[in-house]
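Chain residues, written in single-letter form:
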Amino acid sequence: MSNLKAPKRTGPCPCQSGVEYGACCQPYHRGEREAPDPVSLMRSRYSAYAAGDVDYLVRTLHPDHSERSLPDELLRSSLRAACRDHRYTGLKILGSAVDQERATVHFAAKVFQKGKDLSFSERSIFAKIDGAWRYLEGSTD
Ligand SMILES: [Zn+2]
């Protein structure tokens, strides 16, 4: 699928890590490897929103996440709209607590829609399935 927003491998990663995309979230987006910890997964999901990578957003959604009850095409079209209509300009990890199979990541995300500031902070819960972290649920602060 062509993607006009796709960042360049040598450009800055949209997760705002300060690292090049190819050395940061790109290998996760491409499925070359799994994000090794919940904070990396959180960052890579944020940069997937910024890059319009709907496949990755679906792949990293936990099977028990509430949006999984949506028909696949509806889930994908709502994610596509979220990617398309918003600008993702900054991410700050505020804290994380990691257990063996479950983790909480507290973060602040800068998001704009047509110049309107929709930035928010959230505590996301991630759970491990077959060795890979997945996004289970989140609650905004
Ligand atoms: Zn990144």
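Placed above this text is the structure.
Residues numbered from 1 in each chain as written. Predicted model: local features only at pLDDT ≥ 70, side-chain atom pairs only at ≥ 80, totals over all residues.

1. A look at the overall build of the protein chain
The cut-off we apply is this: The helix and strand labels rest on DSSP assignments: H or I over at least four residues marks a helix, E over at least two residues marks a strand, and numbering proceeds from the N terminus. Based on C-alpha atoms, the radius of gyration is set beside the globule rule, defined as 2.2 Å times the residue count to the power 0.38. Our exposure labels follow a C-beta count within 10 Å of each residue's own C-beta, placed from the backbone: buried means 20 or more other C-beta atoms, exposed means 12 or fewer, and partly exposed covers the counts in between. Two residues form a contact once the distance between their C-beta atoms, set from the backbone, is within 7 Å.
Tallying secondary structure elements over the protein chain gives 4 helices and 5 strands in all. A compact globule built from 141 residues would reach a C-alpha radius of gyration of about 14 Å, and the protein chain, at 14 Å, matches this within 12%. Principal-axis analysis of the C-alpha atoms places the extent of the protein chain at approximately 35 × 35 × 30 Å. Counting every position in the protein chain, which comprises 141 residues, the buried fraction comes to 29%. Sequence-distant contacts, at least 24 apart, represent 42% of the contacts inside the protein chain between residues at least 6 apart.

2. Digging into the environment of K128
Following the sequence through the fold, K128 ends up in strand β4 (residues 120-129). C-beta crowding within 10 Å serves as the criterion here: with 18 such atoms nearby, K128 is assigned to the partly exposed category. Between the C-alpha atom of K128 and that of A103, which follows or precedes it by 25 residues, the distance is 8.7 Å. Residues within four places of K128 in sequence aside, it is in contact with E101 and W133.

3. A look at the pairing of β4
The condition is simple: At least two DSSP bridges between two strands are needed for those strands to be called paired.
Of the strand pairs in this sheet, strand β2 (residues 102-113) and β4 are connected by 8 bridges, and their pairing is antiparallel. Bridge assignment links A109 to a residue of β4, and that residue is F120. Note that β4 and strand β5 (residues 132-140) share 8 bridges and pair antiparallel. Looking at β5, one finds that E122 is bridged to T140. The hairpin turn running from β4 into β5, its antiparallel successor, is 2 residues long, and D130 in that turn takes a positive phi close to 50°.

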